[in-house]
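Coordinate inspection notes
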Amino acid sequence: MQTPGHHLSAMRTAAPLVHNITNFVAMNVQANVLLAVGASPAMVHAREEVAEFAGLAQALTVNIGTADAAWAAGMEEAAGVMDRAGRPWVFDPVGVGATRFRQDLSARLLELRPTVVRGNASEILALAGLGGAARGVDAGDAVAEAEEAARLLARRTGGVVAVSGPVDFVTDGARALRVANGHPMMAKITVMGCSLNGVIAAFCVGQPVLEATAAALSAYGLAGELAGAQAAGPGSFVPAFLDALHALTPGALDAGARIEAVA
Amino acid sequence: MQTPGHHLSAMRTAAPLVHNITNFVAMNVQANVLLAVGASPAMVHAREEVAEFAGLAQALTVNIGTADAAWAAGMEEAAGVMDRAGRPWVFDPVGVGATRFRQDLSARLLELRPTVVRGNASEILALAGLGGAARGVDAGDAVAEAEEAARLLARRTGGVVAVSGPVDFVTDGARALRVANGHPMMAKITVMGCSLNGVIAAFCVGQPVLEATAAALSAYGLAGELAGAQAAGPGSFVPAFLDALHALTPGALDAGARIEAVA
Amino acid sequence: MQTPGHHLSAMRTAAPLVHNITNFVAMNVQANVLLAVGASPAMVHAREEVAEFAGLAQALTVNIGTADAAWAAGMEEAAGVMDRAGRPWVFDPVGVGATRFRQDLSARLLELRPTVVRGNASEILALAGLGGAARGVDAGDAVAEAEEAARLLARRTGGVVAVSGPVDFVTDGARALRVANGHPMMAKITVMGCSLNGVIAAFCVGQPVLEATAAALSAYGLAGELAGAQAAGPGSFVPAFLDALHALTPGALDAGARIEAVA
């Protein structure tokens, strides 16, 4: 099994073009995160071109945070392109428990077999049909409560499910890993989770999905630790985080990663 | 009467979910401002879910900065939900004097009795039907020229009207307060006004509207003063501002607030 | 011929209202760049008001990065207003080589005679119908390969074409200038090119287009050099860049500008 630093290095060599259909709040930060980590982002959503553009990309992220019916159709088209081409795509069911529209759209997207589903505990519970105490778009449940939901969901999609939190849980339905990197300040800044989706997608290009996802979570969390150590608050955290992500070396990632297999 | 610090403290204890239908330029900063000050933001606008989501939120902001007809309909639905439920909503008539579309939409939104209307002097004058020298979205008039318009407008809506500027003017039509906190650099950064709307909405949850609005303006302006004292320009101002908003204590707010009643 | 510093100074005196129809990723940064440099930005795209708003503006930028059919119609209307009024407008054909929709929309916009077309080498080659190795929205070609395409395109539109890269190339079809300011870090941050469009538009108001465009490129690149000298990475670069743009004096620009005529 390769180290997280190896996965980072392989991703940077590939420098994949990652197509993102994400929410309006996240677009700028998500693009900067992808550039900082070493990938090439594009934000494209219009029905007029979204499927054609997906055909050019190595990976895709879909985030329903500010979707409407027109965007939803584009999401399904693009995800379908990736599914048929066998290329990775990451699905983030933002606030899925909050409205009927999000539930229905999420159910349709799940049918397109996302390579990775990433959400907070409440979102993963809601997506698995097991409730979830979502309040708006923030998590109301602990990661541990969503582990079984994550396993169920992974078996249903045939992909990987990642539950974000203080300690992340990542599973393919059979095996599971825990990733303990991160910093509490990350919960005080918007779109930190959304922007992570792009990093996961980039890491998954040509790499084993469970390990690549854990490596992406670990790299992201470690950059957060480095930023948190020098930031005076959530405002100065963001520039420091992008700097840390850009400066992160494979060696530093291997030294700082806290990934462990779940028995 | 409670101090501004008390209002800040009560808002943080409530940590209200604030639903924002705001413009594309403001979305990210407005969400981060709400997180930094201690509230929980969500940015939701699609017709397919906006009314359902408003039903979950403790407060709402509506900003017409980049609205179109589809968004306008969602704004009216969400504001109607808040009006009927007796929950606070804040209306920002960005650039209302610039186009007929903004004038018509603003007139319809005023019918839904916004708890607080916040704008610059030109916007408040235009909204009250008293002219206003708007040039694009920046103010062309002084706050003092809009005081009478603000009082008229407050009597018409039955709510509070806040005129932003070097010294803000806040009135419920009868009483009025002036808030002298702030920093000139705030006029050199986009969406500082838009992002303030969320803070006002959060402060108004379960608190008396006139005093809560003044406290929100004062907290925001004081964070601006602290940021302005250490920033090298408008770029470094924004991270410093978010840090200051996050670090602001009720005691510091009570010490630094410059609110006075208008005789 | 006036110096670049003179053009900066004249732009700040005019402080033009620049109307931007830009992509979602760029909106916030592009507005802040315009404020920092000394102009007045507005981001307006809705069909319901875009032509009316264009009538109020001194200059316009059009960027197809996240356009769809509805936005495209608004772009054509607003560009038509500027064309008929003889006011400057800047066209950025983001990723034009990537999809048929972008090619068709770009062809229609070219008919409206943009005052300045600005893109990377791949975009200028694609727009001129000469190929271009675009991969997503990043350049795959060197500036030198696009010089002939830029000249051809400028003769076709009757305006100026600017090719962005390590050394920019600017031409009106007959004369040409090279601008060597800039910093490698600028390629690691999203929407740096998009935000430049607003600065070019502001400089072109009432000033000779070829020289004003070169002055804008130089001022922007010089601010990048100053920011790059103090930033620890792409995250801290952005605040430092806005600070530098805001602090840039005409004298410093004249001292640091690296513009030369092409023989």
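Above this text sits the structure in question.
The present account deals with the structure reproduced in this document.

**Observations regarding the overall build of chain A**
Counting secondary structure elements, chain A contains eleven helices and nine strands. In terms of C-alpha radius of gyration, chain A reaches 16 Å, essentially the compact-globule figure of 18 Å for 263 residues. The C-alpha extent of chain A, read off along each of the three principal axes, is 40 × 40 × 40 Å. Expressed as a percentage of the 263 residues in chain A, the buried residues total 64%. Relative to all contacts within chain A whose residues are 6 or more apart in sequence, the contacts with residues 24 or more apart total 68%. When the accessible surface of chain A is split by element, carbon and sulfur atoms take 55% of a total near 8300 Å².

**Describing the relation of the copies chain A and chain C**
Mapping chain A onto chain C is achieved by rotating through 120 degrees and translating by 0.0 Å along the same axis, at an RMSD of 0.0 Å. Between the two chains, the operation in question is that of a three-fold axis. Relative to the rotation axis, the closest C-alpha in chain A is found at A:Phe24, a distance of 3.9 Å.

**What about the sheet that holds strand S7 (residues 168-171) of chain A?**
All names here are of chain A. Spatially, the nine strands line up as an open sheet ordered S2-S1-S3-S4-S5-S6-S7-S8-S9, and their pairing is mixed. Unpaired on one side and paired on the other, strand S2 (40-43) and strand S9 (259-261) mark the two borders of the sheet. Ignoring strand direction, the axes of neighbouring strands in this sheet form an average angle of 20 degrees. Packed onto the sheet, helix H5 (residues 100-110) meets strand S3 (59-63), strand S4 (89-92) and strand S5 (116-120) and runs at close to 160 degrees relative to S4. Packing against the sheet, helix H7 (residues 147-157) makes contact with strand S6 (160-164), S7 and strand S8 (176-179), and its axis sits at approximately 30 degrees to S7.

**Brief notes about the packing of helix H4 (residues 69-85) of chain A against H5(A)**
Residues and elements named next belong to chain A. Remark: H4 packs on H5, axes separated minimally by 10 Å, with the N-to-C direction vectors making an angle of 15 degrees. The pairing of H4 with H5 is recorded here as roughly parallel in orientation. When you trace H4 past H5, the crossing you get is right-handed. Each of Ala69, Ala72, Met75, Glu76 and Ala79 in H4 lies in contact with H5, whose residues at this interface are Phe101, Leu105, Arg108 and Leu109. Looking at the contact of H4 with H5 residue by residue, the classes come out as seven nonpolar, no polar and two charged.

**Quick notes on the pairing of strand S7 (residues 168-171) of chain C**
Residue and element names in this part refer to chain C. Burial of S7 is two-sided: the residues Asp168 and Val170 facing one way and the residues Phe169 and Thr171 facing the other way are all buried. Inspection of the sheet shows strand S6 (residues 160-164) paired to S7 by three bridges, in the antiparallel sense. Bridge pairing in S7 places valine 163 opposite phenylalanine 169. As consecutive antiparallel partners, S6 and S7 are separated by three residues. The pairing of S7 with strand S8 (residues 176-179) spans four bridges and is antiparallel. In the strand pairing of S8, aspartate 168 is matched with valine 179. Counting the residues that bridge the hairpin from S7 to S8 gives four residues, and of these glycine 173 lies at a positive phi of roughly 100 degrees.

**A few points about the side chain of A:Arg151**
All names here are of chain A. Here arginine 151 lies in helix H7. Within the buried set, arginine 151 has no salt-bridge partner at all; the shortest N-O distance to an opposite charge, 4.4 Å, is to glutamate 148. The residues contacting arginine 151, other than those within four sequence positions of it, are Phe169, Thr171, Gly173, Ala174, Ala176 and Val262.

**Here we look at the interface of chain A and chain C**
With 27 residues of chain A at the interface, the matching set in chain C holds 28 residues. Summed over both sides, the interface of chain A with chain C buries roughly 2200 Å², with 60% coming from carbon and sulfur. Inspection of the region where chain A meets chain C yields one salt bridge. With a closest N to O distance of 2.8 Å, A:Glu49 and C:Arg102 form a salt bridge. If you look at where chain A meets chain C, you find nine residue pairs in polar contact (both at pLDDT 80 or more). Looking at the side of chain A that touches chain C, the elements that each hand over two or more residues are helix H2 (27-37), S2, helix H3 (50-54) and helix H10 (234-247) of chain A. A total of six residues in the side of chain A that touches chain C trace back to one element, the largest contributor, which is H2(A). For the side of chain A that touches chain C, a count of residues per class yields 17 nonpolar, six polar and four charged.

**Structural notes on the interface of chain A and chain B**
Taken together, the contact between chain A and chain B spans 28 residues of the former and 27 residues of the latter. Applying the counting rule to chain A against chain B returns one salt bridge. Taken together, chain A and chain B are joined by nine residue pairs in polar contact (both at pLDDT 80 or more). A total of four residues in the side of chain A that touches chain B trace back to one element, the largest contributor, which is H10(A).

**A few points about the packing of aromatic side chains**
Within the structure shown, the criterion is met by 15 aromatic pairs over all chains. Taking 6.2 Å as the distance between ring centres and 40 degrees as the angle between the ring planes, the aromatic pair formed by A:Trp89 and A:Phe91 counts as tilted. Members of the aromatic cluster, each reached through a chain of ring pairs, are A:Phe24, A:Trp71, B:Phe24, B:Trp71, C:Phe24 and C:Trp71.

**Here we look at the environment of B:Gln2**
Along the chain, the position of B:Gln2 falls in the segment before helix H1 (4-14). Remark: the alpha-carbon pair of B:Gln2 and B:Ala31, spanning 29 residues in sequence, is separated by 27 Å.

**Concerning the side chain of C:Glu211**
Residues and elements named next belong to chain C. Tracing the backbone shows glutamate 211 in helix H9 (residues 209-230). You can call glutamate 211 buried: its relative accessible area is 9%. Once residues lying within four places of it in the same chain are set aside, the contact partners of glutamate 211 are Met1, His7 and Arg175.

**Digging into the sheet that holds strand S9 (residues 259-261) of chain C**
Residue and element names in this part refer to chain C. Spatially, the nine strands line up as an open sheet ordered S2-S1-S3-S4-S5-S6-S7-S8-S9, and their pairing is mixed. Each of the sheet's edge strands pairs with one partner strand only, and the pair in question is strand S2 (40-43) and S9. For this sheet, the mean angle separating the axes of adjacent strands, direction not counted, is 20 degrees. Strand contacts of helix H7 (residues 147-157): S6, S7 and S8, with the helix running at about 30 degrees to S7, the strand carrying the most contacts.

**Comments concerning unusual backbone geometry**
Even without a glycine there, the phi angle at B:Arg113 is positive, about 50 degrees. By the element assignment, B:Arg113 lies in the loop between helix H5 (100-110) and strand S5 (116-120).

Parameters and conventions
- Residues numbered from 1 in each chain as written.
- Chains lettered and ligands numbered in written order.
- Predicted model: local features only at pLDDT ≥ 70, side-chain atom pairs only at ≥ 80, totals over all residues.
- Heavy atoms only, no water.
- Helix = DSSP H or I, 4+ residues; strand = E, 2+ residues; numbered from the N terminus.
- Rg over C-alpha atoms; globule rule 2.2 N^0.38 Å.
- Buried < 20%, exposed > 50% of the residue type's maximum accessible area, 1.4 Å probe, protein only.
- Contact = heavy atoms within 4.5 Å.
- Areas by Shrake-Rupley, 256 points an atom, 1.4 Å probe, with all protein chains shown as cover.
- Least-squares fit on C-alpha atoms with pLDDT ≥ 70 in both.
- Pairing = 2+ DSSP bridges.
- Axes fitted to C-alpha atoms, helices over the stretch in contact; angles between N-to-C directions.
- Parallel < 35°, antiparallel > 145°, perpendicular 65-115°, else oblique.
- Left-handed = near helix turned anticlockwise from the far one by under 90°.
- Nonpolar A, V, L, I, M, F, W, Y, C, P; charged D, E, K, R; others polar.
- Lys, Arg positive; Asp, Glu negative; His and termini not counted.
- Salt bridge = Lys/Arg side-chain N within 4 Å of Asp/Glu carboxyl O.
- Buried area = accessible area lost by both parts, 1.4 Å probe.
- Polar contact = N/O pair within 3.5 Å; in protein donor to acceptor, adjacent residues only side chain to side chain.
- Phe/Tyr/Trp six-rings, centres within 6.5 Å; stacked < 30°, edge-to-face > 60°.

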